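Commentary on secondary and tertiary structure
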Amino acid sequence: MIDEHTDLIRIAKREHNKKRNYLVVNRLQGKHIPVQPDQALGMFAQLAERLEKRFDGEKTLVIGFAETATAIGATVAIKLGAYYIQTTREEVEGAQYLYFSEEHSHATQQRLVRQDLDGIMPKIGDVVFVEDEVTTGNTIRNLVQTLEQVYPRHAKYTVASILNGMDSEAQKIYQSIGIDLCYLVKTEHSDYEKALQKHLSKGRYWNMMLTSNPSKKEDLECGRFDTKKGTNVDGRQTVIMVKEWMVEGCVNARRLIFSDTYQKACEDLWYKIDKRLHEELKGRILVLGTEEFMYPALYAADQIAKSGANVWFHATTRSPIEVYQEEDYPLHERYELPSLYEKDRRTFLYDIGKFDLVLVITDASCLQRIGVEALVRAAAINNDKIYVQTLKRAR
């Protein structure tokens, strides 16, 4: 159980971010730090349990914030039996957007698919915003203001988060405008900047952005892969086992979805993975999600763990974070990659260990071969067997 006394958070240093120099890293969230999937899902479920008696699922819309809270939001929506949509920074085909800002972030622009909200908001009595942490509360206030302009005073708003770092003044503002709060752990940010000053010894940085012409997909499927090509990776130059395949039917949570449908899609994804890899899902396994795409990969990781394997999960991220050698600092190695979603944008992965199998599960189109190869190359620094599961979205 998560409570006020849980040793849950670590403080990391953002790279070149003058708005907020530090980042609160939740060690059970499954984003920056590898976590056993049942621990992450258990924490998310605990938050959902605090909300279950408050809402009628069929009249509730849960909005999960990209990128770090998408799995939390999905878990809450599924537990409540509610509608679900996540915010996004990605391009959604055919979408019109509602825009709002996340002022402290390295990527400030957030958005929701407007035509989906237009169709559902007349039916909605409660909107639940789900975040990993709320600090000033300004991001959600910006979104509430946007929603109020488009759908005037229609719904009641609640903010649910794992961590809450709002000061008394920010909480009073929420109370005055009728926004309820629900959270697991109260945090205090006053000493976070000071906590970073003791870290002096830089960690290890791997640059996977230096890429040559991408290999053919057939090369990946046949295991023909040079771990050194186009990167500054030192050490071995070996052929590793790499397989890539695509399945159909993944539901895109950047579009409005009923949570039961989303859960069934994740179960179907797991069935297809298990059917293909059942004999290989043994030993120590790392499952990686990509950026905003977390819940389906986390669900699959949990199912693999239930079969008896020693499974860990985390995901790539847009967040550029400094790494240091000290043991009490949360992140020690950083891998800088071209995004699988947009080749000219950086994405990051931290602290890849050694595993019997690394399974990447992504909803990126994977037309960006450079991004796929860079991620495989990063995983190949410590691992010899890497599989990439790409998904063809249902819509």
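What this report covers is the structure whose coordinates are included nearby.

Cut-offs and rules
- Residues numbered from 1 in each chain as written.
- Predicted model: local features only at pLDDT ≥ 70, side-chain atom pairs only at ≥ 80, totals over all residues.
- Heavy atoms only, no water.
- Helix = DSSP H or I, 4+ residues; strand = E, 2+ residues; numbered from the N terminus.
- Contact = heavy atoms within 4.5 Å.
- Areas by Shrake-Rupley, 256 points an atom, 1.4 Å probe, with all protein chains shown as cover.
- Salt bridge = Lys/Arg side-chain N within 4 Å of Asp/Glu carboxyl O.
- Buried < 20%, exposed > 50% of the residue type's maximum accessible area, 1.4 Å probe, protein only.
- Pairing = 2+ DSSP bridges.
- Polar contact = N/O pair within 3.5 Å; in protein donor to acceptor, adjacent residues only side chain to side chain.
- Axes fitted to C-alpha atoms, helices over the stretch in contact; angles between N-to-C directions.
- Parallel < 35°, antiparallel > 145°, perpendicular 65-115°, else oblique.
- Left-handed = near helix turned anticlockwise from the far one by under 90°.
- Nonpolar A, V, L, I, M, F, W, Y, C, P; charged D, E, K, R; others polar.

A word on the overall build of the protein
Along its length, the protein carries 10 helices and 18 strands. Within the protein, residue pairs in contact and separated by at least 24 positions form 72% of the contacts whose partners lie at least 6 positions apart. Surface exposure of the protein reaches about 16600 Å², of which carbon and sulfur atoms provide 46%.

Structural notes on the pattern of salt bridges
Per the stated rule, a full pass over the model turns up 25 salt bridges. Measuring nitrogen to oxygen at the nearest pair gives 3.1 Å for the salt bridge that ties Arg-10 to Asp-7. Relative accessible area serves as the criterion here: at 25%, Arg-10 is assigned to the partly exposed category. Where Glu-90 meets Arg-318, a salt bridge forms, and the shortest distance between an N and an O atom there is 3.6 Å. One end of the pair, Glu-90, is in the loop between β4 (83-86) and β5 (97-101); the other, Arg-318, is in the loop between β14 (310-316) and β15 (333-338), with 228 residues separating them in the sequence. Of the two residues, Glu-90 and Arg-318, both sit in the buried class. Among the ionic contacts, a cluster of salt bridges with common partners joins Glu-90, Glu-291, Arg-318, Glu-342 and Arg-345.

As for the pairing of strand β6 (residues 109-113)
In terms of burial, β6 is a largely internal element, 4 of the 5 residues being buried. As paired strands, β5 and β6 are joined by 5 bridges and run antiparallel to one another. Within β6, the position partnered with Tyr-97 by the bridge is Val-113.

Section: the environment of Asn-383
Relative to the elements of secondary structure, Asn-383 occurs in the loop between α10 (369-379) and β18 (385-393). What makes Asn-383 buried here is its relative accessible area of 0%. With 143 residues separating them along the chain, Asn-383 and Ile-240 place their C-alpha atoms 8.2 Å apart. Within the structure, Asn-383 has its side chain in polar contact with the backbone oxygen of Gly-353 (distance 3.0 Å). Polar contacts involving the side chain of Asn-383 include one to the main-chain amide nitrogen of Phe-355, which spans 2.5 Å.

Some words on the sheet that holds strand β16 (residues 346-350)
Within the open sheet, the 3 strands sit side by side as β10-β15-β16. Their pairing is mixed. Taken across any chain shown, the strands that pair with only one partner, and hence form the sheet edges, are β10 (204-207) and β16. Averaged over all adjacent pairs, the angle separating strand axes in this sheet is 25°, with direction ignored. Packed onto the sheet, α10 meets β15 and β16 and runs at close to 160° relative to β15.

Considerations on the packing of helix α1 (residues 37-49) against helix α2 (residues 70-80)
Between α1 and α2, the least distance of the axes is 9 Å, while the angle of their chain directions is 50°. The angle between α1 and α2 places the two elements in the oblique class. Like other packed secondary-structure pairs, α1 and α2 cross with a definite hand, here right-handed. Together, Leu-41, Phe-44, Ala-45, Leu-47 and Ala-48 of α1 and Ala-71, Ile-72, Thr-75, Val-76, Lys-79 and Leu-80 of α2 make up the contact between the two elements.

Description of the packing of helix α8 (residues 259-277) against helix α9 (residues 295-306)
Where α8 meets α9, the axes come as close as 9 Å, and the angle between the chain directions of the two elements is 55°. By the angle between their directions, the pair α8 and α9 is classed as oblique. Along this stretch, α8 crosses α9, giving a crossing that reads as right-handed. Of the residues in α9, those touching α8 at Tyr-262, Gln-263, Cys-266, Glu-267, Leu-269, Trp-270 and Ile-273 are Tyr-295, Pro-296, Tyr-299, Ala-300, Gln-303 and Ile-304. Its residues assigned to classes, the contact of α8 with α9 comprises 10 nonpolar, 2 polar and 1 charged.

Focus on the sheet that holds strand β3 (residues 60-64)
Across the sheet, 6 strands lie side by side as β9-β8-β7-β3-β4-β12; this open sheet has mixed pairing. In the strand order of this sheet, the two ends are held by β9 (179-186) and β12 (257-258), each with one partner. In the sheet, β4 pairs with β12 via 2 bridges, with the strands oriented antiparallel. In the sheet register, Tyr-84 faces β12, and the bridge partner there is Ile-257. The sheet contacts of α2 involve β3, β4, β7 (126-134) and β8 (156-164), and relative to β4 the element is tilted by about 170°.

Observations regarding the environment of Gln-39
Relative to the helices and strands, Gln-39 resides in helix α1. Note on Gln-39: relative accessible area 36%, which makes it partly exposed. As for Gln-39 and Asp-302, which are separated by 263 residues in sequence, their C-alpha atoms are 9.5 Å apart.

With respect to the pairing of β7
Of all the 9 residues making up β7, 9 are buried; the element is thus mostly covered by neighbouring parts of the structure. Bridging between β3 and β7 involves 5 bridges; their strand directions are parallel. By the bridge assignment for β7, Ile-63 is matched with Phe-129. Sheet topology note: the β7/β8 ladder contains 8 bridges and is parallel. The residue bridging Val-134 from the neighbouring strand is Asn-164, located in β8.

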